[in-house]
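# Coordinate analysis (summary)
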Amino acid sequence: MRLFCNNTFFYSPFGNEGGAVITVHAPATVANMVCGFDVLGFAVNEPYDEMHIRFCDKPGVTIHNLDDYDLPTQPELNVAGAALLAMLEEIPEPIGFELAICKQIKPGSGVGSSAASSAGAVVAANRLLNERFSKQDLVRFAMNGEKVASGVKHADNIAPCIYGGVTLIRSIFPLDIVPLTVPQLYVTIVHPQIEVRTADARSILKQQVLLKDAIRQWGNIAGLVAGLLQEDYDLIGRSLEDVLIEPVRSILIPGFDTIKKNSREAGALGGGISGSGPSIFMLSKDEATAKEVQAQMHAVYERLSLDHHTYVTTINPTGVRLVDQ
Ligand code: HSE
């Protein structure tokens, strides 16, 4: 069997024998959506990870890395492996999964790299199992991957990665996920080539907030959700404000304030830190504006001589997608 990774063709580590192989594309996600720390997130169409899975004779999880990121292949230490092990705990039969991962979402980039791996793995495995588990079950399994990656089971990357669109995580324990909408917006993302570990970006946050700040944040979250559902772009723009997390985390991201200001001046509705950073995202109503925002982001990092990647993409409506091989 032949597989591809980053447009390079090579022979599958699965060999020729064995059963059906399921291939999925697991999209990047933007968690928090500025004001909704740990409760809002959305999926985008680019970039995405590609993963292949099949049953194998050896019970448990066997992992092959097809990319150059050198991530652990021991299942307990691998986010996809941890998610699959959580799934296996709820399967009475002795089952073995063999997984080959081609990551295109760089780990530590702030666009849900770990979530794509863990969500992609459980969605693909569930297909092998003839959809035995619900989407909510899959989120629950995949959150074990987030625990491995950041020490905390948050779902604001996992849920949109599995459901697509913009997703509200009203509660984690018990899990209460509310798929909201798929706004027709363009997303510009810049990823400065520095790494911010989610665990570090969480450890610097204040554990207490002032009531006046909490009130402002509640207003913004409610305004953002209402704006998205009513397609009220001015309301979306006004609500893309974070008075709790961004002031602390933005110091980790070179050029953050300038990029935000220049993007708004270029016509973006607004935006901020993607997840725990260092990526920054901006929302725009049309592609031309999104591309102008991309040019502004590029110019800032050129001036700072900082390597960076940019994407102009749209909101992913479906989440992890099965792909014909
Ligand atoms: N809500 C999480 C955080 C997302 O901001 O720490 C991490 O991608």
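Residues numbered from 1 in each chain as written. Predicted model: local features only at pLDDT ≥ 70, side-chain atom pairs only at ≥ 80, totals over all residues. Heavy atoms only, no water.

Around the ligand lies a shell formed by Ala31, Asn32, Phe37, Asp38, His154, Asp156, Asn157, Thr198, Arg202, Arg249, Gly275 and Ser276. Within the side chain of Asp156, a nitrogen or oxygen atom sits 2.7 Å from a nitrogen atom of the ligand. Within the side chain of Asn157, a nitrogen or oxygen atom sits 2.9 Å from an oxygen atom of the ligand. When isolated, the ligand has an accessible area of 260 Å², and the protein chains bury 97% of it. Structurally, the ligand is housed in the largest pocket. Here the shell around the ligand is built from residues that sort into 2 nonpolar, 6 polar and 4 charged. (Near = heavy atom within 4 Å. Polar contact = N/O pair within 3.5 Å; in protein donor to acceptor, adjacent residues only side chain to side chain. Areas by Shrake-Rupley, 256 points an atom, 1.4 Å probe, with all protein chains shown as cover. 1 Å grid on protein atoms, 1.4 Å probe; cavity = no way out; pocket = protein on both sides within 12 Å on 5 of 7 lines; lining within 4 Å. Sits in = over half its atoms within 2 Å of the grid points. Nonpolar A, V, L, I, M, F, W, Y, C, P; charged D, E, K, R; others polar.)

Bringing the sheet that holds strand S10 (residues 270–273) into the picture now. Pairing is antiparallel in the open sheet, where 4 strands are placed in the order S10-S11-S9-S12. The open sheet is flanked by S10 and strand S12 (308–314), the only strands paired with a single partner. Pairwise comparison of adjacent strand axes, ignoring direction, gives a mean angle of 15° for this sheet. (Pairing = 2+ DSSP bridges. Helix = DSSP H or I, 4+ residues; strand = E, 2+ residues; numbered from the N terminus. Axes fitted to C-alpha atoms, helices over the stretch in contact; angles between N-to-C directions.)

Structurally, the α-helix is built with 3.6 residues per turn, so residues lying three or four positions apart point the same way. All of the buried residues along helix H9 (residues 256–265) are Phe256, Ile259, Asn262 and Ser263. For H9, the buried positions fall inside an angular range of 140° around the axis, keeping them on one side. For H9, exposure combined with an orientation more than 90 degrees from the buried face picks out Asp257, Lys261 and Glu265. Of the surrounding elements, those touching the buried residues of H9 are strand S9 (186–192), helix H8 (246–249), S10, strand S11 (280–284) and helix H10 (287–303). (Buried < 20%, exposed > 50% of the residue type's maximum accessible area, 1.4 Å probe, protein only. Arc of directions from axis to C-beta. Contact = heavy atoms within 4.5 Å.)

On to the layout of surface pockets, then. Space inside the largest pocket adds up to approximately 670 Å³. Those elements that provide at least two residues to the lining of the largest pocket are helix H2 (113–128), helix H3 (135–150) and helix H5 (198–203). Sort the elements by how many residues they give to the lining of the largest pocket and H3 lands first, with 4 residues. Taken together, the residues of the lining of the largest pocket break down into 13 nonpolar, 15 polar and 8 charged. Considering only enclosed or pocket space, the second largest pocket measures out at about 420 Å³ in volume. In terms of lining, the second largest pocket is formed by 21 residues, of which the most central are Phe37, Lys206, Val209, Leu244 and Ile245. Looking at the lining of the second largest pocket, the elements that each hand over two or more residues are helix H6 (211–230) and H8. A total of 5 residues in the lining of the second largest pocket trace back to one element, the largest contributor, which is H6. (Points joined across faces, edges and corners; volume = space filled by probe spheres on them.)

Geometry of a packed helix pair, given as the angle between the helix axes and the separation of the axes. It is at 7 Å that the axes of helix H1 (residues 79–88) and H3 come closest, and there the two elements cross at 140°. On the basis of the axis angle, H1 is oblique to H3. As for the relative orientation of H1 and H3, their crossing is right-handed in sense. Mapping the contact onto sequence places Val79, Ala82, Ala83, Ala86 and Met87 in H1 and Leu138, Phe141, Ala142, Asn144, Gly145, Val148 and Ala149 in H3. Its residues assigned to classes, the contact of H1 with H3 shows 10 nonpolar, 2 polar and no charged. (Parallel < 35°, antiparallel > 145°, perpendicular 65-115°, else oblique. Left-handed = near helix turned anticlockwise from the far one by under 90°.)

Counting buried positions over the 10 residues of H1 gives 9, a clear majority of the element. Restricting attention to buried positions, one finds in H1 the residues Val79, Ala80, Gly81, Ala82, Ala83, Leu84, Ala86, Met87 and Leu88. Structurally, H1 contributes buried residues whose contacts are with strand S4 (40–56), strand S5 (60–65), strand S6 (96–102), H2 and H3. Structurally, the start of H1 carries an N-cap: the backbone nitrogen of Ala80 is 2.8 Å from a side-chain oxygen of Asn78.

Going through the model one piece at a time under the given rule, you end up with 1 cavity of 30 Å³ or more. Approximately 70 Å³ is the volume found for the largest cavity. Along the walls of the largest cavity sit Asn32, Val34, Asp242, Ile245, Glu246, Arg249, Ile273 and Gly275, which together make up its complete lining. When grouped by side-chain class, the residues that make up the lining of the largest cavity number 3 nonpolar, 2 polar and 3 charged.

What follows covers the environment of Gly227. Within the secondary structure, Gly227 sits in helix H6. The class for Gly227 is buried, based on a relative accessible area of 0%. Along the sequence, Gly227 and Leu99 sit 128 residues apart, while their C-alpha atoms lie 40 Å from each other. Not counting residues within four places of it along the chain, the set of residues in contact with Gly227 comprises Asp232, Leu235 and Ile236.

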